[in-house]
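# Coordinate inspection notes
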Amino acid sequence: MTDERVSANGGMETSFGFREVGAGEKQPLVNDVFHKVAKRYDIMNDVMSAGLHRVWKDAMIAALNPPRREGYRVLDVAGGTGDIAFRIVEASDRKAHATVLDINGSMLAVGAERASKKKLSANLDFVEANAEDLPFASNSFDAYTIAFGIRNVPRIDVALKEAHRALKRGGRLLVLEFSEVEMPLLDRFYDAWSFNAIPRFGKLITGDDAPYQYLVESIRKFPSQRDFAAMIKDAGFSRVSFTNYTGGIAALHSGWKI
C-alpha cells in the first residue's frame, strides 16, 4: 500500500491507513480505533489540528446557519461525542433538533453524558447505526453534517447516497474533513507534523500511538478536494462546492438536494 491518495473512483473501502485490508475488514478496525480514543476525542482533535478544529467547526456552523425555529431537523453523522450537534442546537437558540448517529457506542456514550451536563438532551437523540445504511425514512432531515468522519466510512459513495436519500428536497449536506494541503511549504510542514509528531503525542496522551498512526495515514489517503467534490456530485447532489481552511489542511464541502 502506498501513501497516494485514492481517486473519485474509490479505494478507501479497503484502505486502513496505508495498509490494504479485505472487503468488510475495515469497519471493525476503525471501530477499535475509536473505542480507544473516545474519552480523549477532543484532545485527539486538538493534537491532529493544533487546536484549529474548533475554528473550522465554528465556520461549518456559520455556513449551515441553522434557523431559529422549531421543526428544523439535522442528522449529524459520525458525531458521537456531540461536538457539532451541540453547536447546531446552540446556534438555533435551542430550537433545532439534532440526531447524532455513530457506529461506535463508546463515542455515543460520551456524547449522551455531555448532552446531559449541558442540559441539551431534549434537543438531541443518539442513534447507534451505520452511515452506509441509515435507519431513517427518505426525506427526513433538513441538513446532514459530518465532521472528520467521512474518511473512516469504508464505502463513502454508499454513505453519500444515503445522505442524499435521507435529506428533504432543499436539504443541505456539509462535510468537514482533513484534506490536501495546497500551499507550498505548508504541505511539507504538515506532513512532517502528521507523521512524526502526532503519533508521538498520541502515545503520550493515551499510551498507544497506533490509533494516531492510522488517523494520519487515513488523512493522506483521502481523496483530494476536487475528487471528493466529484463523489458528492455522483451521489446526486447539486451546487457542489468546497472551501479550504488553513491552506487546505481541512476543507468544508457543501451540496444541496434539489
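Residues numbered from 1 in each chain as written. Predicted model: local features only at pLDDT ≥ 70, side-chain atom pairs only at ≥ 80, totals over all residues. Heavy atoms only, no water.

On to the pairing of strand E9 (residues 250–256). Judged by how many residues are buried, E9 sits mostly within the fold: six of seven residues are covered. Two elements, strand E7 (residues 167–178) and E9, share seven bridges in a ladder whose sense is antiparallel. Looking across to E9, one finds that Glu-177 is bridged to Ala-251. Across six bridges, strand E8 (residues 238–245) lies against E9 in antiparallel orientation. Across the sheet, the residue bridging to Phe-242 is His-253, located in E9. Between the end of E8 and the start of E9, which pair antiparallel, lie four residues, with Thr-246 showing a positive phi angle near 50°. (Buried < 20%, exposed > 50% of the residue type's maximum accessible area, 1.4 Å probe, protein only. Helix = DSSP H or I, 4+ residues; strand = E, 2+ residues; numbered from the N terminus. Pairing = 2+ DSSP bridges.)

Attention now goes to the pattern of salt bridges. The tally for this structure, following the rule as stated, stands at 12 salt bridges. Among the salt bridges present, the one from Glu-180 reaches Arg-5, with a minimum N-O distance of 3.8 Å. With Glu-180 in the loop between E7 and helix H7 (186–206) and Arg-5 in the segment before strand E1 (15–16), the pair connects residues that are 175 residues apart, well separated along the chain. For Glu-180, a relative accessible area of 31% translates into the label partly exposed. Residue Lys-168 is joined to Asp-142 by a salt bridge in which the shortest nitrogen-to-oxygen separation is 3.5 Å. Of this pair, Lys-168 sits in strand E7 while Asp-142 sits in strand E6 (residues 141–147), placing them 26 residues apart in sequence. Taking the relative accessible area as the measure of exposure, Lys-168 reaches 28% and is therefore partly exposed. (Salt bridge = Lys/Arg side-chain N within 4 Å of Asp/Glu carboxyl O.)

It is worth spelling out the UniProt feature "binding site: S-adenosyl-L-methionine" (unreviewed entry) in the protein chain at this point. Taken from the UniProt record, the annotation "binding site: S-adenosyl-L-methionine" (unreviewed entry) applies to Thr-81, Asp-102, Asn-130 and Ala-131. Looking at the secondary structure, you find Thr-81 in the loop between strand E3 (73–77) and helix H4 (83–91). Sequence-distant contacts of Thr-81, that is, excluding residues within four places in its chain, are made with Ala-38, Tyr-41, Phe-86, Met-107, Val-110, Gly-111 and Arg-114. In this structure, Asn-130 sits in the loop between strand E5 (124–128) and E6. The class for Asn-130 is partly exposed, based on a relative accessible area of 24%. Not counting the four nearest positions on each side in its chain, Asn-130 is found in contact with Gln-27, Leu-101 and Ile-103. Looking at Asn-130, its side chain comes within polar contact range of the main-chain nitrogen of Glu-132, at 2.9 Å. (UniProt positions renumbered as here; feature names shortened; annotations may be inferred. Contact = heavy atoms within 4.5 Å. Polar contact = N/O pair within 3.5 Å; in protein donor to acceptor, adjacent residues only side chain to side chain.)

Attention now goes to helix H9 (residues 225–234). In an α-helix, one turn spans 3.6 residues; hence positions three or four apart end up facing the same way. Along H9, the residues that are buried comprise Gln-225, Phe-228, Ala-229, Met-231 and Ile-232. Buried residues along H9 cover an arc of 155° about the axis, so they all sit on one side. Looking at H9, the residues exposed on the side facing more than 90 degrees away from the buried face are Arg-226, Lys-233 and Asp-234. Phi turns positive one or two residues past the end of H9, at Gly-236, with a value near 110°. (Arc of directions from axis to C-beta.)

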